[in-house]
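Architecture and fold: a report
The chain contents come next:
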Amino acid sequence: MNGEIINRVANSGLITVDLSDYAPKDPILEFDIKNLLFEGIILKEKEFRLSLKKINFEKYQGKITALFCSAEAIIPMWTYMLVSSYLNPICSQLHFGTKEQVFQTLVLSQIESINPEKFKDRKVIIKGCGSPSIKEGLYVAITKKLQNSVSSLMFGEACSAVPVYKKKK
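A brief report on the enclosed structure follows. Along each chain, residue indices are assigned from 1 in the same order as the chain's sequence is written. Only residues with pLDDT of 70 or above have their local features reported here, since the model is predicted, and side-chain atom pairs are shown and tallied only from 80 upward, although totals for entire chains, interfaces and linings are computed over all residues. Hydrogens and water molecules were not included; the side-chain quantities draw on all heavy atoms of the structure.

Right, let's talk about the sheet that holds strand 5 (residues 123–126) for a bit. A strand pair is defined by DSSP finding two or more bridges across the two strands. The secondary structure listing takes helices from DSSP runs of H or I that are at least 4 residues long and strands from runs of E that are at least 2 residues long, numbered from the N terminus. The 4 strands are arranged 1-5-6-7 in an open sheet whose pairing can be described as mixed. Single-partner strands in this sheet number two, and they are strand 1 (14–17) and strand 7 (162–166). Ignoring which end each strand starts from, the neighbouring axes of this sheet average 25° apart. Strand direction decides the pairing type here: strand 1 and strand 5, joined by 4 bridges, are parallel. Looking at the pairing, Thr16 lines up with Ile125 of strand 5. Any pair of residues with heavy atoms lying within 4.5 Å of one another is described as a contacting pair. Every angle, taken between N-to-C directions, lies between 0 and 180 degrees, and every axis is a line fitted to C-alpha atoms, over only the stretch in contact when it is a helix. Lying on the sheet, helix 5 (residues 136–146) is in contact with strand 5 and strand 6 (152–155); it crosses strand 5 at an angle near 170°.

Take a look at the structure:
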């Protein structure tokens, strides 16, 4: 042995996919309708419309925005449409849901846009334990996306990968 250190992982042909690489680069801002409700639970149309007109929407300019209502209140559908009509022209993206829900939706959209042929007959490790914001549904989505293309699919790190799928020969 000549003492040379050999990186067996680098030489193995493994491809590591980190789902956090598919996360939006820009922050997601929230717009909670609850803040415009009377006593935080009642929608009074006239007051709601007046409150909406007084809002400075500048902070949403060019931002990804999550529109939702955190109150357990009955919110008519037109309310979301009305707020959307203010936000849509200035946001880079407008989505219904909480910040977390919108994050998951955006990552899922990126996963769905992956060309699985890029991974054809390759050994792929889906990196785990990296980001707590990557939820189970995204791991299901990447498995569905890649399973029919890869030769093997694993979860974790190269030093301790958990086999998930191996193509039958």
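For the rest of this paragraph, the subject is the environment of Phe96. Examined against the element boundaries, Phe96 turns out to sit in strand 4 (residues 93–96). Burial here depends on accessible area, computed with a 1.4 Å probe over protein chains only, as a share of the maximum for the residue type. Under 20% is buried, over 50% is exposed, and the range in between is partly exposed. Assessed through its relative accessible area of 61%, Phe96 is described here as exposed. Separated by 31 residues in the primary sequence, Phe96 and Thr65 place their C-alpha atoms 8.4 Å from one another. Apart from residues lying up to four places away in sequence, Phe96 is in contact with Leu67, Phe68, Tyr80 and Val102.

The relation between two aromatic rings is expressed through the spacing of the ring centres and the mutual angle of the planes. Think of it this way: a Phe, Tyr or Trp ring, Trp meaning its six-membered ring, pairs with another when their centres are within 6.5 Å, and the plane angle makes it stacked under 30 degrees, edge-to-face over 60, tilted otherwise. In total, this model carries 7 aromatic pairs according to the counting rule given. On the numbers, 6.2 Å between centres and 50° between planes, the contact of Phe57 with Tyr60 is tilted. The class for Phe57 is buried, based on a relative accessible area of 10%. On the numbers, 5.6 Å between centres and 75° between planes, the contact of Tyr139 with Phe155 is edge-to-face.

The subject of this paragraph is helix 3 (residues 77–87). Taken together, the buried positions of helix 3 are Thr79, Tyr80, Leu82, Val83 and Leu87. For helix 3, the angular spread of the buried residues around the axis is 160°, confining them to a single face. With respect to the buried face of helix 3, the exposed residues turned more than 90 degrees away are Met77 and Met81. In this structure, the buried residues of helix 3 make contact with strand 2 (28–32), helix 2 (45–54), strand 3 (64–68) and strand 4. Here the arc refers to the set of directions running from the helix axis out to each C-beta atom.

Orientation of helix 2 relative to helix 3, taken along the N-to-C sense of each, is 20°, at an axis distance of 11 Å. The angle between helix 2 and helix 3 falls in the class roughly parallel. Where helix 2 crosses over helix 3, the handedness of that crossing is right-handed. Between helix 2, through Glu45, Phe48, Arg49, Leu52 and Lys53, and helix 3, the contact on the second element is made entirely by Trp78, Thr79, Leu82, Val83 and Tyr86. Of the residues assigned to the contact of helix 2 with helix 3, the class counts are 6 nonpolar, 1 polar and 3 charged. An angle counts as roughly parallel when it lies under 35 degrees, as roughly antiparallel when it exceeds 145, as roughly perpendicular when it falls between 65 and 115, and as oblique in every other case. By convention, the crossing between two helices is left-handed when the near helix turns anticlockwise from the far helix through less than a right angle, and right-handed when the turn is clockwise. We call Asp, Glu, Lys and Arg charged. Ala, Val, Leu, Ile, Met, Phe, Trp, Tyr, Cys and Pro are nonpolar, and the rest, Gly among them, are polar.

Among the buried residues, those of types Ala, Val, Leu, Ile, Met, Phe, Trp, Tyr and Cys that are joined through side-chain atoms within 4.5 Å form a nonpolar core. Among the nonpolar cores identified, the biggest contains 25 residues, and Val17, Leu19, Ile111, Phe119, Val124, Ile126 and Leu146 are the most heavily contacted of them. Of all the secondary-structure elements, those providing two or more residues to this core are strand 1, strand 3, helix 4 (99–112), strand 5 and helix 5. When neighbours within four sequence positions are excluded, Val124 is seen to be in contact with Ile15, Val17, Phe119, Leu146, Val150, Ser152, Leu153 and Met154. Membership of the second largest hydrophobic core comes to 19 residues, among which are Leu36, Phe48, Leu52 and Val83.

For the rest of this paragraph, the subject is the state of the cysteines. Each disulfide is one covalent bond, formed between the sulfur atoms of two cysteines. In this description, a disulfide is simply a cysteine sulfur pair whose atoms lie within 2.5 Å. By the definition in use, this model includes 0 disulfides. Here Cys69 stays unpaired: no disulfide links it, and the sulfur of Cys91, its closest cysteine neighbor, is 17 Å away. Overall, the relative accessible area of 17% leaves Cys69 in the buried class. The class of Cys91 is buried, set by a relative accessible area of 11%.

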